[in-house]
Amino acid sequence: MRDEFLLEKEQIMATLMEKIFRKSLLYRNSTHKNIPLHVEVLKEILCDNLDIDITLERVSKELNINPYTLLRNFKSSVGVTPHAYRMNHRIELAKKLLKNSTSISQVALECGFCDQSHLNRHFKAITAATPKEYQLNFIL
């Protein structure tokens, strides 16, 4: 009786793992689908000139598309919002600049943050360390 119960539990677990595996394959294959041209253009705009402000309304007017449609298409194609995408690129640039021993206040300005505390808040949220901690502990 006990063996039958364990066997049943193992079968349920195996079925569950198979479903998770299949869903992950479907998700991975769906992320390689064709990305709309306006999303690719927005990605380029977001990555260039990280130190200037960009509004979704202005970009959507340039691309002649509804801002909500642009936002929805971007999130479904890329997996994050345009703001999160841009913030990740800003933090990656900040990491590179910190490796070059650039001052934190200068890094904040070059990455498009209002000030050093703005950089600190977003940097810590993404990396779990302040820029100074990153500079001291993670750069060899």
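Look a little higher up for the structure.
The structure contained in this document is the topic of the report that follows. The model shown is predicted, which means the values in this text are computed figures rather than measured ones.

## Structural notes on the overall build of the protein chain
Secondary structure assignment for the protein chain yields 8 helices and 0 strands. Starting at the N terminus, the α and β elements of the protein chain follow one another as α-α-α-α-α-α-α-α.

## Re the pattern of salt bridges
Summed over all chains, the structure comprises 2 salt bridges. The shortest N-O distance in the salt bridge between R58 and E62 comes to 3.5 Å. Placement of both R58 and E62 in helix α3 (residues 56-63) is noted, with a separation of 4 residues, approximately one turn of the helix. A residue is classified by how much of its surface remains accessible, and E62, at 53% relative accessible area, is exposed.

## Some details on the nonpolar core
The biggest cluster of nonpolar side chains holds 13 residues, and the ones touching the most others in it are A94, L98, V107, C111, F113, L119 and F123. Of all the elements in the fold, those that place two or more residues in this core are α5 (82-99), α6 (104-110) and α7 (116-127). No other element matches the 5 residues that α5 contributes to this core. Setting aside residues up to four positions removed in sequence, F113 forms contacts with M87, R90, I91, A108, H118, L119 and H122.

## A few points about the packing of aromatic side chains
Counted under the stated rule, the structure contains 2 aromatic pairs. On the numbers, 5.5 Å between centres and 80 degrees between planes, the contact of F74 with Y85 is edge-to-face. Taken as a pair, F74 in helix α4 (residues 67-78) and Y85 in helix α5 lie far apart in primary sequence, 11 residues in all. This pair shows no difference in class: F74 is buried, exactly as Y85 is. Centre to centre, the rings of F123 and Y134 are 5.5 Å apart; their planes meet at 70 degrees, and the pair counts as edge-to-face. In this pair, F123 sits in helix α7 while Y134 sits in helix α8 (residues 131-137), placing the two residues 11 residues apart along the sequence. A relative accessible area of 11% places Y134 in the buried class. Geometry around F113 places R90 over its ring, the cationic atom sitting 5.7 Å from the centre.

Calculation criteria
Residues numbered from 1 in each chain as written. Predicted model: local features only at pLDDT ≥ 70, side-chain atom pairs only at ≥ 80, totals over all residues. Heavy atoms only, no water. Helix = DSSP H or I, 4+ residues; strand = E, 2+ residues; numbered from the N terminus. Salt bridge = Lys/Arg side-chain N within 4 Å of Asp/Glu carboxyl O. Buried < 20%, exposed > 50% of the residue type's maximum accessible area, 1.4 Å probe, protein only. Core = buried A, V, L, I, M, F, W, Y, C linked by side-chain atoms within 4.5 Å. Contact = heavy atoms within 4.5 Å. Phe/Tyr/Trp six-rings, centres within 6.5 Å; stacked < 30°, edge-to-face > 60°. Lys NZ or Arg CZ within 6 Å of the ring centre and 35° of its normal.

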